[in-house]
Amino acid sequence: MSITKWTKWFIAGVLLTASAVMPATRSSAAVSARLQPEYAKWGQQAVDYAINEYKAEVIDYAYEGRFPAANGAVDYRFRLWVRKASREYAVRIAVSVNPSTGERVGLKLTELQ
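Residues numbered from 1 in each chain as written. Predicted model: local features only at pLDDT ≥ 70, side-chain atom pairs only at ≥ 80, totals over all residues. Heavy atoms only, no water.

**Student:** So what exactly am I meant to see when it comes to the nonpolar core here?
**Tutor:** Note on soluble globular proteins: their nonpolar side chains tend to be buried together. Counting 16 residues, the largest nonpolar core has Phe78, Leu80 and Val95 as the members making the most contacts within it. With near-sequence residues (within four places) excluded, Phe78 lies in contact with Tyr39, Trp42, Gly43, Ala46, Tyr61, Ala62, Tyr63, Glu64, Val91, Arg92, Ile93 and Val95. (Core = buried A, V, L, I, M, F, W, Y, C linked by side-chain atoms within 4.5 Å. Buried < 20%, exposed > 50% of the residue type's maximum accessible area, 1.4 Å probe, protein only. Contact = heavy atoms within 4.5 Å.)

**Student:** So what exactly am I meant to see when it comes to the packing of aromatic side chains here?
**Tutor:** In this description, a pair of aromatic rings is defined by centroid distance and the angle of the planes. Considering all chains together, one arrives at 5 aromatic pairs under this definition. Taking 3.7 Å as the distance between ring centres and 10° as the angle between the ring planes, the aromatic pair formed by Tyr39 and Tyr63 counts as stacked. In this pair, Tyr39 is assigned in the loop between α2 (28–35) and α3 (40–52) and Tyr63 in strand β1 (residues 57–68), connecting sequence segments 24 residues apart. Ring centres of Tyr39 and Phe78 lie 6.4 Å apart, and the angle between their planes is 55°; on these two criteria the pair is classed as tilted. Taken together, the positions of Tyr39 in the loop between α2 and α3 and Phe78 in strand β2 (residues 74–84) put the pair 39 residues apart, joining distant regions of the chain. Here Tyr39 falls in the partly exposed class, since its relative accessible area comes to 26%. By way of ring pairs, the aromatic residues Tyr39, Tyr61, Tyr63 and Phe78 are connected into one cluster. A cation sits over an aromatic face here: Arg87 above Tyr89, 3.8 Å from the ring centre. (Phe/Tyr/Trp six-rings, centres within 6.5 Å; stacked < 30°, edge-to-face > 60°. Helix = DSSP H or I, 4+ residues; strand = E, 2+ residues; numbered from the N terminus. Lys NZ or Arg CZ within 6 Å of the ring centre and 35° of its normal.)

**Student:** Could you clarify how one ought to interpret unusual backbone geometry in this entry?
**Tutor:** Negative phi is the rule for most residues except glycine; trans is the rule for most peptide bonds. Residues other than glycine seldom take positive phi values, yet Ala85 does so here, at roughly 55°. Within the fold, Ala85 resides in the loop between β2 and β3 (87–98). If you check the backbone angles, Ser86 has positive phi at about 60° while not being a glycine. Counting through the fold element by element, Ser86 comes out in the loop between β2 and β3. With relative accessibility at 75%, the residue Ser86 sits in the exposed group.

**Student:** What's the story with the sheet that holds β3 in this structure? I'm lost.
**Tutor:** Across the sheet, 4 strands lie side by side as β1-β2-β3-β4; this open sheet has antiparallel pairing. Edge positions in the open sheet fall to β1 and β4 (103–111), since each of these has one partner strand only. Averaged over all pairs of adjacent strands, the angle between strand axes in this sheet comes to 20°, irrespective of strand direction. Sheet topology note: the β2/β3 ladder contains 11 bridges and is antiparallel. Of the residues in β3, the one forming a bridge with Val74 is Val97. Relative to the sheet, α3 contacts β1, β2, β3 and β4, its axis offset from that of β2 by approximately 35°. (Pairing = 2+ DSSP bridges. Axes fitted to C-alpha atoms, helices over the stretch in contact; angles between N-to-C directions.)

**Student:** Would you mind going over the side chain of Asp75 with me for this structure?
**Tutor:** Secondary-structure assignment places Asp75 in strand β2. The buried charged residue Asp75 lacks any salt bridge partner; its closest oppositely charged side chain belongs to Arg77, at an N-O distance of 4.5 Å. In terms of polar contacts, Asp75 uses its side chain to reach the side chain of Ser96, at 2.5 Å. Once residues lying within four places of it in the same chain are set aside, the contact partners of Asp75 are Gly65, Arg66, Phe67, Ala69, Ala94, Val95 and Ser96. (Lys, Arg positive; Asp, Glu negative; His and termini not counted. Salt bridge = Lys/Arg side-chain N within 4 Å of Asp/Glu carboxyl O. Polar contact = N/O pair within 3.5 Å; in protein donor to acceptor, adjacent residues only side chain to side chain.)

Take a look at the structure:
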């Protein structure tokens, strides 16, 4: 079976595109950070807060979305299923972020019924 001219061009294009997206000189950490969704950083902070400050074990995690908040900030909301003192239940953590600076301005935890 012979490789057609089109197939050669296609393969060359894929290789060039792949090398442009993930050059060999980039570290895997830099590539994985670039491929993470926008909310990943805030989700990690929500989970860390539940573990460290709320003293709960996080069993499951769901991103609920990005919502407008007071003073021009945005809330990234996460629903976590936690275990605390042998009791399992859901909590919502809203991480408020200033969109112009990218800095966290608040964090609010609410237990869900």
